[in-house]
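For reference, the chains in residue letters:
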Amino acid sequence: MTATETSPVAAPSRAASAGPARRLPRTRTVVVAAAAYLIAFIFLFPYLVMILTALRPQAELREPAYLPTDFAWENFVNFWSGGLSGNLLITLQVAAGSTILVLLVALPAAYYTARHRFRGRTAFLILVLVTQMFQPTAMLVGIYREFSQLGLVDSIWSLILVNGGFNLAFAVWILNAYFGSIPRELEEAAFIDGTGRFGALFRITLPLAAPGVVTALIFTFIAAWNEFVVALTLTTSPEQQPLTVRLNSFIGQYQVDWQNLFAGSVIATVPVIILFALIERKVVSGLTAGSIK
């Protein structure tokens, strides 16, 4: 064999180095992807309109153009200068306080019902589920009368208690399902090593149940953040109202201040979107807990 002859393994090696040929996506994949993008656009389009309206000057509200010629960034500045930042802080306090209250009550209740088969356990869980069937609007008169007798009307504590109570059942069910999906043997192994019940709960069970805890946390937080009817009933002074109620003041009897209304709505929506985007994977994992045995 001369030096100019080609080795029989040279051609296959070059073909292998080129890598496998890229396959075009199937028609079904393209259709599903196009449908997903279309559905996402339909859901996101109202938010896009809200942002563009918040940036429109007063003179361009009736214009048919999609984009404003001049972006009125001062609409967002007016939100802070108008005192609404205090209402945003109240909303944050109510949502955070309700979430902490729900977790403090739901964690031991869900853990005990998941680990013990006591008499009346099924009835207790059904009763917890039945409480989700009651609408806050159907009990507004009783709620207002109760908190009026306690002297908690126009107080942030009344909103924390009511929001925590209405979101407690969902948290108990989510956490009960997740605690039930964690094997008991892990805790029993911790008991053998000398760890007590609370030590096993905080060192073994809760870290494994983090997706379920995060799911209960985010849903309680969002529900308390967006609550309107109870807050409208229990608060009277503007400085004690959450942002959802305060934004309602931009809707007058004869006209609506669309720029400031939508600017405040954008500011109220962004924190929840960011929070949900950061922990979206854990939320999905928590919602699917217990579905596969």
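What counts, and at which threshold
Residues numbered from 1 in each chain as written. Predicted model: local features only at pLDDT ≥ 70, side-chain atom pairs only at ≥ 80, totals over all residues. Heavy atoms only, no water. Helix = DSSP H or I, 4+ residues; strand = E, 2+ residues; numbered from the N terminus. Buried < 20%, exposed > 50% of the residue type's maximum accessible area, 1.4 Å probe, protein only. Contact = heavy atoms within 4.5 Å. Areas by Shrake-Rupley, 256 points an atom, 1.4 Å probe, with all protein chains shown as cover. Arc of directions from axis to C-beta. Core = buried A, V, L, I, M, F, W, Y, C linked by side-chain atoms within 4.5 Å. Axes fitted to C-alpha atoms, helices over the stretch in contact; angles between N-to-C directions. Left-handed = near helix turned anticlockwise from the far one by under 90°.

We now examine the overall build of the protein. Counting secondary structure elements, the protein contains 14 helices and zero strands. When the elements of the protein are put in sequence order from the N terminus, they spell out α-α-α-α-α-α-α-α-α-α-α-α-α-α. Expressed as a percentage of its 293 residues, the buried residues of the protein come to 34%. Here the contacts in the protein between residues at least 6 apart in sequence split such that 72% fall between residues at least 24 apart. As displayed, the protein offers around 18600 Å² of accessible surface, 67% of which is attributable to carbon and sulfur atoms.

What follows is about helix H6 (residues 140–150). Listed as buried for H6 are Leu140, Ile143 and Phe147. In an axial view of H6, the angular spread of the buried residues amounts to 65°, which keeps them on one side of the axis. Turned more than 90 degrees off the buried face of H6, the exposed positions are Val141, Arg145 and Gln149. On its buried side, H6 packs onto helix H7 (156–181) and helix H11 (229–234). Directly after H6, the chain includes Gly151, whose backbone phi takes a positive value near 75°.

Ranked by internal contacts, the top residues of the largest apolar core, which has 21 residues, are Phe76, Phe79, Leu88, Trp225 and Leu243. Those elements giving two or more residues to this core turn out to be helix H2 (27–54), helix H3 (74–81), helix H4 (84–115), helix H10 (210–226) and helix H13 (258–278). It is H13 that provides the largest number of residues to this core, a total of seven residues. For Phe76, the contacting residues outside a window of four places in its chain are Ala54, Leu55, Ala263, Val266 and Ile267. Listed in part, the 19 residues of the second largest apolar core include Ala106, Val128, Val172 and Leu201.

This brings us to the packing of H4 against H7. Following both chains from N to C, one finds H4 and H7 inclined at 35°, their axes separated by 6 Å at the closest point. The chirality of how H4 crosses H7 is right-handed.

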